[in-house]
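The primary structure of each chain is shown beneath.
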There are 2 protein chains.
Amino acid sequence: MHDVIKIDVKEEIQAENDRIASDTHALLKERNIVAVNVMGAPGIGKTSTVKGIISHLKAHRPYVIEGDIEGDIDTQDLLERGIATLQVNTFGACHLDAPMIRSALERMELEGPGLLLIENIGNLVCPAEFSIGEHIKLLIVAVTDGSDKPYKYPLAFEKADCILLNKVDLLPYVDFDQDYFMKGLRALNSEAPVFQVSGRTGEGYQEVAAWLESQ
Amino acid sequence: MHDVIKIDVKEEIQAENDRIASDTHALLKERNIVAVNVMGAPGIGKTSTVKGIISHLKAHRPYVIEGDIEGDIDTQDLLERGIATLQVNTFGACHLDAPMIRSALERMELEGPGLLLIENIGNLVCPAEFSIGEHIKLLIVAVTDGSDKPYKYPLAFEKADCILLNKVDLLPYVDFDQDYFMKGLRALNSEAPVFQVSGRTGEGYQEVAAWLESQ
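Presented here is an overview of the structure given in this document. Just so you know, these numbers come straight off a predicted model, no measurement behind them. (Residues numbered from 1 in each chain as written. Chains lettered and ligands numbered in written order. Predicted model: local features only at pLDDT ≥ 70, side-chain atom pairs only at ≥ 80, totals over all residues. Heavy atoms only, no water.)

Moving on, we get to the overall build of chain A. The helix and strand tally for chain A stands at eight helices and seven strands. Against the compact-globule benchmark of 17 Å for 215 residues, chain A has a radius of gyration of 17 Å, which places it among compact chains. Counting only C-alpha atoms, chain A reaches 50 × 45 × 30 Å along its principal axes. Taken across its 215 residues, chain A has 55% of its residues classed as buried. (Helix = DSSP H or I, 4+ residues; strand = E, 2+ residues; numbered from the N terminus. Rg over C-alpha atoms; globule rule 2.2 N^0.38 Å. Buried < 20%, exposed > 50% of the residue type's maximum accessible area, 1.4 Å probe, protein only.)

With that settled, consider the packing of helix α2 (residues 46-54) of chain A against helix α3 (residues 73-80) of chain A. All names here are of chain A. At a minimum axis distance of 11 Å, the contact between α2 and α3 shows a crossing angle of 15 degrees. When the axis of α2 is compared with that of α3, the two are roughly parallel. Seen from above, α2 lies across α3 with right-handed handedness. The residues of α3 that touch α2, namely those facing Thr47, Val50 and Lys51, are Asp74, Asp77 and Leu78. (Axes fitted to C-alpha atoms, helices over the stretch in contact; angles between N-to-C directions. Parallel < 35°, antiparallel > 145°, perpendicular 65-115°, else oblique. Left-handed = near helix turned anticlockwise from the far one by under 90°. Contact = heavy atoms within 4.5 Å.)

This part covers the packing of aromatic side chains. What the rule picks out here adds up to nine aromatic pairs over all chains. Note on Phe157 of chain A and Phe181 of chain A: the rings are 6.2 Å apart at their centroids and 75 degrees apart in plane angle, and the pair reads as edge-to-face. Of this pair, Phe157 of chain A sits in helix α6 (residues 154-159) while Phe181 of chain A sits in helix α7 (residues 178-188); the two residues are 24 residues apart in sequence, bridging distant segments of the chain. Taken together, a centroid distance of 4.4 Å and an interplanar angle of 15 degrees make the contact between Tyr151 of chain B and Tyr180 of chain B stacked. Of this pair, Tyr151 of chain B sits in helix α5 (residues 149-152) while Tyr180 of chain B sits in helix α7 (residues 178-188), and the two are 29 residues apart along the sequence. For Tyr151 of chain B, a relative accessible area of 26% gives the class partly exposed. Clustering of aromatic rings is evident, with ring pairs tying together Phe157, Phe176 and Phe181 of chain A. (Phe/Tyr/Trp six-rings, centres within 6.5 Å; stacked < 30°, edge-to-face > 60°.)

Along the chain, Glu66 of chain A falls in strand β2 (residues 61-68). The side chain of Glu66 of chain A sits in the buried core without any salt bridge; Lys152 of chain B is the nearest counter-charge, 6.0 Å away. Beyond its immediate chain neighbours, meaning those up to four positions away, Glu66 of chain A contacts Thr47, Asp74, Thr75, Leu78, Thr85, Leu86, Gln87, Val88 and Glu119 of chain A. (Lys, Arg positive; Asp, Glu negative; His and termini not counted. Salt bridge = Lys/Arg side-chain N within 4 Å of Asp/Glu carboxyl O.)

Attention now moves to empty space enclosed by the protein. All names here are of chain B. Here the structure, examined in full by the defined rule, presents three cavities of 30 Å³ or more. If you trace the largest cavity, you find 13 residues lining it, with Ile44, Val141, Ala142, Asp145 and Lys149 closest to the centre. If you tally residues by element for the lining of the largest cavity, the top one is strand β5 (residues 136-142), at three residues. Residues that form the lining of the largest cavity fall into these classes: 10 nonpolar, one polar and two charged. (1 Å grid on protein atoms, 1.4 Å probe; cavity = no way out; pocket = protein on both sides within 12 Å on 5 of 7 lines; lining within 4 Å. Points joined across faces, edges and corners; volume = space filled by probe spheres on them. Nonpolar A, V, L, I, M, F, W, Y, C, P; charged D, E, K, R; others polar.)

It is worth spelling out the pairing of strand β1 (residues 33-40) of chain B at this point. Residue and element names in this part refer to chain B. Counting buried positions along β1 yields eight of eight residues, so the element is predominantly enclosed. The alternating pattern of β1 places Ile33, Ala35, Asn37 and Met39 and Val34, Val36, Val38 and Gly40 on opposite faces, both of which are buried. By the bridge criterion, six bridges tie β1 to strand β4 (residues 114-119) in an arrangement that is parallel. The partner of Asn37 across the bridge, within β4, is Ile118. (Pairing = 2+ DSSP bridges.)

Residues and elements named next belong to chain A. Following Gly112, the chain continues to Pro113 via a peptide bond in cis, the omega torsion being 0 degrees. Examined against the element boundaries, Pro113 turns out to sit in the loop between α4 (98-106) and β4 (114-119). The residue Lys167 is not glycine, and still its phi comes out positive at about 60 degrees. Summarising the element assignment, Lys167 is placed in the loop between β6 (162-166) and α7.

Turning to the interface of chain B and chain A, a few remarks are in order. Chain B puts 39 residues into the contact, and the matching count from chain A is 40 residues. In total, about 3,200 Å² of surface goes out of reach between chain B and chain A, with carbon and sulfur atoms giving 60% of it. Looking at the side of chain B facing chain A, the largest losses of area belong to Pro42, Lys152 and Tyr173 of chain B, adding up to 19% of the total buried there. Viewed at the interface, chain A and chain B are joined by six salt bridges. At the level of secondary structure, the elements contributing two or more residues to the side of chain B that touches chain A comprise α1 (2-30), α3 (73-80) and α5 of chain B. At six residues, the largest contribution of residues to the side of chain B that touches chain A is made by α1 of chain B. In terms of residue class, the side of chain B that touches chain A is built from 19 nonpolar, seven polar and 13 charged. (Buried area = accessible area lost by both parts, 1.4 Å probe.)

A word on the pairing of strand β1 (residues 33-39) of chain A. The two faces of a sheet get side chains in turn, since along a regular strand they alternate between them. Residue and element names in this part refer to chain A. For β1, the tally of buried residues reaches seven of seven residues, placing the bulk of the element in the interior. Of the two faces of β1, both are covered, the one formed by Ile33, Ala35, Asn37 and Met39 as well as the one formed by Val34, Val36 and Val38. Direction of pairing for β1 relative to strand β5 (residues 136-142): parallel, over a ladder of four bridges. From the neighbouring strand, Met39 faces β5, where its bridge partner is Leu139.

Let's shift gears to the sheet that holds strand β2 (residues 61-68) of chain B. Residues and elements named next belong to chain B. Overall, parallel pairing links the seven strands, which are arranged β3-β2-β4-β1-β5-β6-β7 in an open sheet. Unpaired on one side and paired on the other, β3 (84-89) and β7 (194-196) mark the two borders of the sheet. Recorded for the sheet is a direction-independent mean angle of 20 degrees between the axes of neighbouring strands. Direction of pairing for β5 relative to strand β6 (residues 162-166): parallel, over a ladder of five bridges. Bridge pairing links Val141 to Leu165 in β6. Sitting on the sheet, α7 touches β5, β6 and β7, and the angle it makes with β7 is about 155 degrees.

Right, dumping it as structure tokens:
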């Protein structure tokens, strides 16, 4: 009996989430805003990616929604740089969902053409399960975390529209098997472009920004 | 109405989990097995920590339960090294729970005194919420992922009995502010020992193993 209730509730939550995500998706498109769901593990470089992309935008106004369980360290940093940023705290929840983003958007004034970067909670598992109304799912992984990630966390790689391999400045000091990584990735996702970047040196973000602006 | 059902089910699941975890905790203690819940983000070095600790055990037989969403890469590696390892796959679920570990233990023959290392799913959020019957919660973070993790993922730090700061061989090449990290950590957890380790060089695991054996 427990199991039946559990499944019903989970399906209801997911269906309600997808309905709201679909509305958000359409609304943003109408306003000429491209929304990017920025996903990756804790410390993988989501905020440095947001900064890196924004510094190379040519035709789109930058907007950011910063998702965190608690705190607003990165939002303060982005606001100080003059970037229109809104903090969303989940207070324990392990991913952003579509209702959270809908509420956040009610508090933002967006003017198109714009690129809205939504930094999800640091988590390689749960965010991949919930659409938040994005047009592009951007996944970040790093050379410091081993080349076996596609084999262990397949859903995130399968769903990604664009993949960033971060911290490439540390390649000389780690054992990262690029062939093994790409083999695992391509078995799950044959299309997403893969960009090599470094949050530390700023390398690679120009190409990512150009690709996003072309979508 | 939805919310009410949601909360009831979540509380029921948590209560049932805690009841089973409590049974497992007692059963393992009775058999003279110390169970360690090894937690940390994807690629943080959970498996290298398991290997590093086992190589320095003096008075305890080593046992491993490998938690993964999919696949058994690390279990194959550990079995090849002659370590008694059982694979647990969650097929999508973002953390191990007490029923999974109870089932796994039914398939293992444990002889005390033993140290059972349970490698949780790579996730800095959800595993911290679920007890699996462990005696010690061991949290791993890394110098490559920034010094702000205690501020962003407080629950994992708050609950940890022992914290490993991994990848210290890369300290010269990254910007890691140890004072800021320790300040955030100690605000949440005044007691847990912090060990500096490197999965790459093997540094530090002797001290971790000695501490675990002394518990």
